[in-house]
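Overview (structure and organization)
Here's the letter readout for the chains.
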Amino acid sequence: MRPTTDEIEVRDFVVNQKNGVKGLVDFLTLTTLPSPYIQPPQERFTSDKILLGSSVPVIDVSNWNDPHVAREICHAATKLGLFQIVNHGIAPAELMGVTAAARGFFELPAEERRRYWRGISVSETAWLTTSFNPYKESVLEWRDFLKFEYLPQRHDFAATWPSVCKEQVIDHFKKIKPITEKILNILINNLNSVIDESNKETLMGTMRMNFNYYPKCPEPSLAIGTGRHSDINTLTLLLQEDGVSSSLYARASEDGDKWIHVPPIPGAIVVNIGDVLQILSNDRYRSVEHCVVVNNCCSRVSIPVFCGPVHDSVIEPLPEVLEDNEMARYRKIVYSDYLKGFFGRPHDGKKTIESHKLP
């Protein structure tokens, strides 16, 4: 007979014993949400927050040289900070393959997954954890994730990655990188600048990927999959799993609490602007605040690729956007310090970027 929630200390089991929330739902038959996951009322996502009648732009990028494509991308980056692209060149079968690889990892036995737990991982470039910052959060998020760091300059960077997904992860990194470069070129050119050796490491010096896993949740209205936040990097390209809707939501405007649903579209990739681009553009582009809700019908995976600066990059508005005596809206900061601020606390909207605004 399986133990009930009352018979184990949930947080210790999930975090300290390195089982994650996937281990929890495999170990227990849950009919109610364990107390460490119950969000305070103000952080729960309710249907009255959804902005009906609004949709996320879907941009056909089959011809990257079409000026209309560039205009659509720049407009979406300015207004919402998020859009979807289709006809980007990655075959649907390849996208389904990396999604299946993510599920394959989380279907491994608990002891095999535990080998990659953060702090004791058998790999220097891949590690598993739960929630967002489980040692800092008073309430946990209903998510586990496996993170990969792409270091192609090191021939052995993926040597100890899980065999169930290694090939698919490497291939997805390779396919996503040129798409990221094309989008960034469009966005930077629109700021009257170019990507060259002086700024390439700041714009796209690092690439990382998550396998996010959201188990079926017994009381989804009380939980959150990923709390509201904006990404702190330059650009994120996200693959959503087909067939699991009502999961990802983006804040419709900076000054309201209405959210737009970002539906999964077969073959599409979601692109969202990160804080670094908002700072570099001096607020011309908007890093989008977003969150993930969970459901009681099925589990879900998503696969974001994060493109961002190397750690010693100095982040500040580009000289080109300040040419007409425009005042900088952000103070300069070393990216490693920006990371410390973001990862040193729970998800809290856009407080990290707001803390670096000049008065």
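This write-up is about the structure you can find in this document. Note that the structure is a prediction, hence the values are computed from the model and not measured.

Quick notes on the packing of helix H3 (residues 67–79) against helix H6 (residues 166–189)
Between H3 and H6, the least distance of the axes is 10 Å, while the angle of their chain directions is 75°. Relative to H6, H3 is oriented roughly perpendicular. Of the residues in H6, those in contact with Ala70, Ile73, Cys74 and Ala77 of H3 are Ile183, Ile186 and Leu187. Taken together, the residues of the contact of H3 with H6 sort by class into seven nonpolar, no polar and no charged.

Structural notes on the pattern of salt bridges
For side chains bearing opposite charge, pairing can occur when the charged atoms are close. Evaluation of the coordinates by the stated rule reveals 21 salt bridges. Close ionic contact of Glu43 with Arg228 constitutes a salt bridge, the shortest N to O distance being 3.1 Å. Placement of the pair is Glu43 in the loop between helix H2 (20–27) and strand S1 (58–60) and Arg228 in strand S6 (residues 226–229), with a sequence separation of 185 residues. Among the ionic pairs, Glu316 bridges to Lys332, the shortest N-O distance being 3.9 Å. With Glu316 in the loop between strand S13 (314–315) and strand S14 (333–334) and Lys332 in the loop between S13 and S14, this pair connects stretches of sequence that are 16 residues apart. Owing to a relative accessible area of 32%, Glu316 belongs among the partly exposed residues under this scheme. Accessibility expressed as a relative area gives 54% for Lys332, which makes it exposed. Connected through salt bridges with shared partners, the residues Glu43, Lys49, Arg228, Arg251, Asp257 and Glu289 form a single ionic network.

Some thoughts on the side chain of Thr129
Assignment of secondary structure puts Thr129 in strand S3 (residues 126–130). Residue contacts for Thr129: discarding those within four places in its chain leaves Trp117, Arg118, Pro134, Asp144 and Phe145.

Let's talk about the nonpolar core
Ile73, Phe148, Phe173, Ile183, Leu187, Phe211 and Leu235 are the most contacted members of the largest nonpolar core, which has 74 residues in total. Here the element with the most residues in this core is H6; it accounts for nine residues. Here Phe148 is in contact with Thr125, Ala126, Trp161, Pro162, Cys165, Val169, Phe173, Met207, Arg208, Met209 and Phe211, once residues within four sequence places are set aside. Within the second largest apolar cluster, 28 residues are counted, among which are Val14, Val56, Leu82 and Val288.

Observations concerning the packing of helix H4 (residues 92–106) against H6
At their nearest, the axes of H4 and H6 sit 9 Å apart, and the two run at 135° to each other. Between H4 and H6, the crossing angle belongs to the class labelled oblique. The chirality of how H4 crosses H6 is left-handed. On H6, the residues touching Glu94, Leu95, Gly97, Val98 and Ala101 of H4 are Gln168, Asp171, His172 and Lys175.

With respect to the sheet that holds strand S8 (residues 248–251)
An order of S6-S11-S8-S9 is seen for the four strands of this open sheet, with the pairing classed as antiparallel. Only two strands of the sheet have a single neighbouring strand rather than two, namely S6 and strand S9 (259–261). The average angle at which neighbouring strand axes cross in this sheet is 20°, direction not considered.

Focus: the sheet that holds S3
With mixed pairing, the eight strands of this open sheet are ordered in space as S1-S2-S10-S7-S12-S5-S4-S3. Each edge of the sheet is formed by a strand with only one pairing partner; in this case those strands are S1 and S3. On average, each strand axis in the sheet is tilted by 25° relative to the strand beside it, whichever way the strands run. In the sheet, strand S7 (residues 235–240) pairs with strand S12 (residues 300–308) via six bridges, with the strands oriented antiparallel. For Leu237, the partnering residue across the bridge sits in S12 and is Val305. With respect to the sheet, H2 is in contact with S3, strand S4 (144–149) and strand S5 (206–214), its orientation differing from that of S4 by roughly 145°.

Regarding the packing of aromatic side chains
Think of a pair of aromatic rings as described by two things: how far the centres are apart, and how the planes are tilted against each other in angle. Evaluation of the coordinates by the stated rule reveals 17 aromatic pairs. Ring centres 4.9 Å apart and planes at 80° place the aromatic pair Tyr37 and Trp142 in the edge-to-face group. With a gap of 105 residues between them, Tyr37 in the loop between H2 and S1 and Trp142 in the loop between S3 and S4 connect regions that are remote in the sequence. The two residues Tyr37 and Trp142 agree in class, both being buried. Considering the side-chain rings of Tyr150 and Phe157, the 5.5 Å spacing of their centres and the 80° angle between planes classify their relative orientation as edge-to-face. Pairwise contacts between aromatic rings join Phe148, Tyr150, Phe157, Trp161, Phe173 and Phe211 into one cluster.

Rules behind the numbers
Residues numbered from 1 in each chain as written. Predicted model: local features only at pLDDT ≥ 70, side-chain atom pairs only at ≥ 80, totals over all residues. Heavy atoms only, no water. Axes fitted to C-alpha atoms, helices over the stretch in contact; angles between N-to-C directions. Helix = DSSP H or I, 4+ residues; strand = E, 2+ residues; numbered from the N terminus. Parallel < 35°, antiparallel > 145°, perpendicular 65-115°, else oblique. Contact = heavy atoms within 4.5 Å. Nonpolar A, V, L, I, M, F, W, Y, C, P; charged D, E, K, R; others polar. Salt bridge = Lys/Arg side-chain N within 4 Å of Asp/Glu carboxyl O. Buried < 20%, exposed > 50% of the residue type's maximum accessible area, 1.4 Å probe, protein only. Core = buried A, V, L, I, M, F, W, Y, C linked by side-chain atoms within 4.5 Å. Left-handed = near helix turned anticlockwise from the far one by under 90°. Pairing = 2+ DSSP bridges. Phe/Tyr/Trp six-rings, centres within 6.5 Å; stacked < 30°, edge-to-face > 60°.

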